[in-house]
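# Structural description and commentary
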Amino acid sequence: MTGAITVLPELRYRWIIEQVHTTGAVTVRQVAQRFHVSDSTAIRDCDHAATRIGHRVRGGIIRDRL
């Protein structure tokens, strides 16, 4: 074990959605650094969260226009 804390995917999705609501966007890099996950995992998380909240763009998610 590396001592890293594992965060369930659903909790990561919730954080991503909250960030998009609050700031209008979130980057893959932010997700990877925040949760200490690989870029591949962060990309999958962003893909999944984008289906609920926003529009997937290269490098992250932006909030859908209202």
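Quantities reported herein were computed from a predicted structural model and do not represent experimental measurements. (Residues numbered from 1 in each chain as written. Predicted model: local features only at pLDDT ≥ 70, side-chain atom pairs only at ≥ 80, totals over all residues. Heavy atoms only, no water.)

## Brief notes about the confidence of the model for the protein chain
For the protein chain, per-residue confidence averages 90 on the pLDDT scale, and 89% of positions sit at 70 or higher. Averaged pLDDT values for the elements of the protein chain fall to 88 in strand E2 (residues 54–57) and rise to 97 in helix H2 (residues 28–35). (pLDDT = per-residue confidence, 0-100. Helix = DSSP H or I, 4+ residues; strand = E, 2+ residues; numbered from the N terminus.)

## Looking at the packing of H2 against helix H3 (residues 39–50)
In the contact formed by H2 and H3, the axes pass within 8 Å of each other and the chain directions differ by 115°. Pair H2 / H3 crosses with right-handed handedness. Contacts between H2 and H3 involve Val28, Arg29, Val31 and Ala32 from the former and Asp39, Ala42, Ile43, Asp45 and Cys46 from the latter. Counted by class, the contact of H2 with H3 contains 6 nonpolar, no polar and 3 charged residues. (Axes fitted to C-alpha atoms, helices over the stretch in contact; angles between N-to-C directions. Left-handed = near helix turned anticlockwise from the far one by under 90°. Contact = heavy atoms within 4.5 Å. Nonpolar A, V, L, I, M, F, W, Y, C, P; charged D, E, K, R; others polar.)

## A few points about H2
Among the residues of H2, those classed as buried are Val28, Val31, Ala32 and Phe35. Down the axis of H2, the buried set is contained in an arc of 95°. They therefore lie on one face. Against the buried residues of H2 lie helix H1 (9–23), strand E1 (25–27), H3, E2 and strand E3 (60–63). Just past H2, the residue histidine 36 takes up positive phi, approximately 55°. (Buried < 20%, exposed > 50% of the residue type's maximum accessible area, 1.4 Å probe, protein only. Arc of directions from axis to C-beta.)

## Describing the pairing of E3
Where E1 and E3 come together, 3 bridges link them in antiparallel fashion. The residue of E3 that forms the bridge with threonine 27 is glycine 60. Bridge analysis of E2 against E3 gives 4 bridges, and the strand direction is antiparallel. Paired with glycine 54 across the two strands is arginine 63, which belongs to E3. As consecutive antiparallel partners, E2 and E3 are separated by 2 residues, and within that stretch glycine 59 has a phi angle of approximately 95°, a positive value. (Pairing = 2+ DSSP bridges.)

## A look at the environment of arginine 12
The topology assignment puts arginine 12 in helix H1. Remark: the alpha-carbon pair of arginine 12 and valine 31, spanning 19 residues in sequence, is separated by 8.0 Å. Polar side-chain contacts of arginine 12 include one of 2.5 Å to the side chain of aspartate 45. (Polar contact = N/O pair within 3.5 Å; in protein donor to acceptor, adjacent residues only side chain to side chain.)

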